[in-house]
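# Structure at a glance
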Amino acid sequence: MDDKLKLTLQKIKALTLQNKEFAEELAKMLDIPMSKQSVSLLNGVTDDVAAIREALEIRANKSISYDFVKEQRLRDQLIIDNLRMENAALDLKKDEHERFYIFCINAFYQLENIINYYFYVTYPNIKDLLAELEEATSTEASENYRFKSKGNEKNVGDIPIAHKINAVCNVLFPNDVFKVTLGTLRQVRNEGAHRCMVIQNEKNGTSNLHQFFKYNSFNSVRIDMIKIVTAIKQNIGKPAVRELVETIGLVTSIMPSACFVKYGENTESVPVNLFHKVKTASKDDSVILYLKNGKIVDVKIKENDK
């Protein structure tokens, strides 16, 4: 049988296990009598991992616990996607590039769902959610990465996942570059299987996706997923408390369009939208930095230096 048809059948099988009405309607169309055993199986996938593994014929064990997710249907879906992710890592019949692609796709499905759940629970009022996303992404270097409400968002699903990934990472992991890896999982999903296979086989690629495939592995992506899910478990339902912190920094490098400052053990670049405030500074000048959640939100040169 053609591989595409097999994949379609797998999707239909998974859907029958998740949706009782779909399963019953499919059985009617195919004139298949529904036995008591099949009805009980199709009453919905439970959070029993063993049952899910058996139903989907998956050999892998789960690598991430979603026991804190109260919505059963969502929890079941997260478990299914996690098991499919780990099953891809074990499926030695497939080429490693294909296995890693499937692994990343199912990692992204979990990422998207758990981030949506985090914001849904933590900010049940859409206006509060929109305000939080604008605030949490306000320090992004590029304006394209700063969320701006269009005014027509009705729920968390109406907001681009790229902004939600940036926001949750900026709040829970300020200054941690692993959000780049999480953001690239979205690109893997968007590019599709064929394009990702081509990129992985490039010897001298320079694209963001090529670098992702070159330097990441099953384990590194798994570790990043565990990291974000653990943080969400610990912080869900707790809106961010933003305190403005003032500190003194030292200019370590000044260029025509960039300025780097050191404060404490950190060395950071001044956000592009704030560079005009320090463009007249010189190396070793002192600057006053204003931080929110570890991010520079404002800066000025100390008066005694300029």
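For clarity, every value in this text was computed on a predicted model and none was experimentally measured.

## A look at the confidence of the model for the protein
For the protein, the average pLDDT comes to 85, and 84% of its residues sit at 70 or higher. A low-confidence stretch, residues 35-47 stays under pLDDT 50, and its non-local contacts, those more than four residues away or across chains, total 22 contacts.

## Brief notes about the packing of aromatic side chains
Here the structure, examined in full by the defined rule, presents nine aromatic pairs. Here the aromatic rings of Phe100 and Phe212 are separated by 6.1 Å at their centres, their planes lie at 15 degrees, and the arrangement is stacked. Taken as a pair, Phe100 in helix α6 (residues 96-122) and Phe212 in helix α11 (residues 208-215) lie far apart in primary sequence, 112 residues in all. Just as Phe100 is buried, Phe212 falls in that class too. Between the aromatic rings of Phe119 and Tyr123, the centroid separation amounts to 6.3 Å while the plane-to-plane angle is 35 degrees, which identifies the pairing as tilted.

## Examining the pairing of strand β3 (residues 266-269)
With four bridges joining them, strand β2 (residues 258-263) and β3 adopt antiparallel strand pairing. Bridging across to β3, Phe260 finds its partner in Ser269. Hairpin geometry of β2 and β3 is characterised by an intervening segment of two residues between the two adjacent antiparallel strands and by a positive phi of about 60 degrees at Gly264.

## Section: the environment of Ile254
The topology assignment puts Ile254 in strand β1 (residues 244-255). Relative accessible area serves as the criterion here: at 27%, Ile254 is assigned to the partly exposed category. Each C-alpha atom, one on Ile254 and one on Asp284, is 9.5 Å from the other, the two residues being 30 residues apart in sequence. Apart from residues no more than four positions distant in its own chain, Ile254 is found in contact with Cys259, Phe275, Val278, Ala281, Ser282 and Lys283.

## Observations regarding the sheet that holds strand β4 (residues 286-292)
The strand order across the open sheet built from five strands is β3-β2-β1-β4-β5, with neighbouring strands paired in antiparallel fashion. Taken across any chain shown, the strands that pair with only one partner, and hence form the sheet edges, are β3 and β5 (295-301). Strand-to-strand twist across the sheet, computed as the mean angle between neighbouring axes with direction ignored, equals 35 degrees.

Cut-off values and rules
- Residues numbered from 1 in each chain as written.
- Predicted model: local features only at pLDDT ≥ 70, side-chain atom pairs only at ≥ 80, totals over all residues.
- Heavy atoms only, no water.
- pLDDT = per-residue confidence, 0-100.
- Contact = heavy atoms within 4.5 Å.
- Phe/Tyr/Trp six-rings, centres within 6.5 Å; stacked < 30°, edge-to-face > 60°.
- Helix = DSSP H or I, 4+ residues; strand = E, 2+ residues; numbered from the N terminus.
- Buried < 20%, exposed > 50% of the residue type's maximum accessible area, 1.4 Å probe, protein only.
- Pairing = 2+ DSSP bridges.
- Axes fitted to C-alpha atoms, helices over the stretch in contact; angles between N-to-C directions.

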